[in-house]
Amino acid sequence: MTDTQSKLNALLKNPLWDIFEDYLRELEIKELKSMLRASTNEDLYRKQGRAMLMEELLFLKRRTLGE
């Protein structure tokens, strides 16, 4: 395991990560709701990208720690 992986594991195991995940879920819901109100394709794509980023961050722990 590299030093970077070790640091990432420590971060993901920290209880504060769970609080951060809750915050990310709130942001993801906000972005998904705002996608319904997108007025242009560009705006829709931007909001989709933000929602996908939140999803990737939410799966980081499972992907990294195998949970």
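Please refer to the structure higher up on the page.
Once a new chain begins, its residue numbering starts again from 1 and follows that chain's sequence as written. The model is predicted, so local features are restricted to residues of pLDDT at least 70 and side-chain atom pairs to those at 80 or more, both for listing and for counting; the totals for chains, interfaces and linings are taken over all residues. Just so you know, side-chain values use all the structure's heavy atoms and leave hydrogens and water out.

*Asks:* Explanation requested: the pattern of salt bridges in the structure shown.
*Replies:* Two side chains with opposite charge may pair up if their charged atoms get near one another. Put simply, a salt bridge is a Lys or Arg side-chain nitrogen that is within 4 Å of an Asp or Glu carboxyl oxygen. Inspection of the entire model under this criterion finds 9 salt bridges. With a shortest N-O distance of 3.4 Å, Asp18 and Lys61 are connected by a salt bridge. Of the two residues, Asp18 sits in helix α2 (residues 15-35) while Lys61 sits in helix α3 (residues 41-65), which places them 43 residues apart along the sequence. Throughout, exposure labels follow a simple rule: accessible area from a 1.4 Å probe, protein chains only, divided by the maximum for the residue type, with under 20% read as buried, over 50% as exposed, and the rest as partly exposed. Among the residues examined, Asp18 registers a relative accessible area of 38% and is labelled partly exposed. Of the charged contacts in the structure, one is a salt bridge between Arg46 and Glu42, with a shortest N-O distance of 3.0 Å. You can see Arg46 and its partner Glu42 sitting in helix α3, 4 residues apart, about one turn around the helix. Connected through salt bridges with shared partners, the residues Glu42, Asp43, Arg46 and Lys47 form a single ionic network. Only DSSP runs of H or I with at least four residues qualify as helices, and only runs of E with at least two residues qualify as strands; both kinds are numbered from the N terminus onward.

*Asks:* What exactly am I supposed to notice about α2 here?
*Replies:* Here α2 contains 21 residues, and its C-alpha end-to-end distance of 31 Å stays within 8% of the 30 Å for a straight helix at 1.5 Å per residue. What α2 keeps buried is the set Trp17, Glu21, Leu24, Glu28, Glu31 and Ser34. For α2, the angular spread of the buried residues around the axis is 140 degrees, confining them to a single face. Among the exposed residues of α2, those pointing more than 90 degrees away from its buried face are Pro15, Ile19, Glu26, Lys30 and Lys33. Throughout, a residue-residue contact means that at least one pair of heavy atoms, one from each residue, lies within 4.5 Å. Close packing links the buried residues of α2 with α1 (3-13) and α3. As used in this structure description, the phrase polar contact means that two N or O atoms lie within 3.5 Å; if the pair is within protein, one of them must be able to donate a hydrogen and the other to accept it, and residues adjacent in sequence are counted only when both atoms belong to side chains. Between the side-chain oxygen at the start of α2 and the backbone nitrogen of Leu16 there is a gap of 2.8 Å, and the oxygen is on Asn14. Helix span, expected: 1.5 Å multiplied by one less than the number of residues in the helix. The directions considered for the arc are those from the helix axis to the C-beta atoms.

*Asks:* What exactly am I supposed to notice about the packing of α2 against α3 here?
*Replies:* A pair of packed helices is captured by two measures, namely the crossing angle of their axes and the spacing between those axes. To define axes, lines are fitted to C-alpha atoms, for helices over the stretch in contact only, and angles between the resulting N-to-C directions are given on a 0 to 180 degree scale. For the pair α2 and α3, the least separation of the axes is 9 Å and the interaxial angle reads 155 degrees. Judged on the interaxial angle alone, α3 and α2 are roughly antiparallel. In this structure, α2 crosses over α3, and the sense of that crossing is left-handed. Contact residues: α2 offers Trp17, Asp18, Glu21, Leu24, Arg25, Leu27, Glu28, Glu31, Leu32, Ser34 and Met35, while α3 offers Leu44, Lys47, Gln48, Arg50, Ala51, Met54, Glu55, Leu57, Leu58, Leu60 and Lys61. Under the grouping applied here, Gly and all other residues not named as nonpolar or charged are polar, the nonpolar ones being Ala, Val, Leu, Ile, Met, Phe, Trp, Tyr, Cys and Pro and the charged ones Asp, Glu, Lys and Arg. Class assignment of the residues belonging to the contact of α2 with α3 gives a composition of 11 nonpolar, 2 polar and 9 charged. Should an angle fall under 35 degrees it is called roughly parallel, over 145 degrees roughly antiparallel, and 65 to 115 degrees roughly perpendicular, with every other angle called oblique. Helix crossings get a hand from a simple test, with the near helix turned counterclockwise from the far one by less than a right angle marking a left-handed crossing and a clockwise turn marking a right-handed one.

*Asks:* Could you clarify how one ought to interpret the side chain of Asn9 in this entry?
*Replies:* With respect to the secondary-structure elements, Asn9 resides in helix α1. Accessibility expressed as a relative area gives 13% for Asn9, which makes it buried. Those residues in contact with Asn9 that sit more than four places away from it in its chain are Met1, Thr64 and Leu65.

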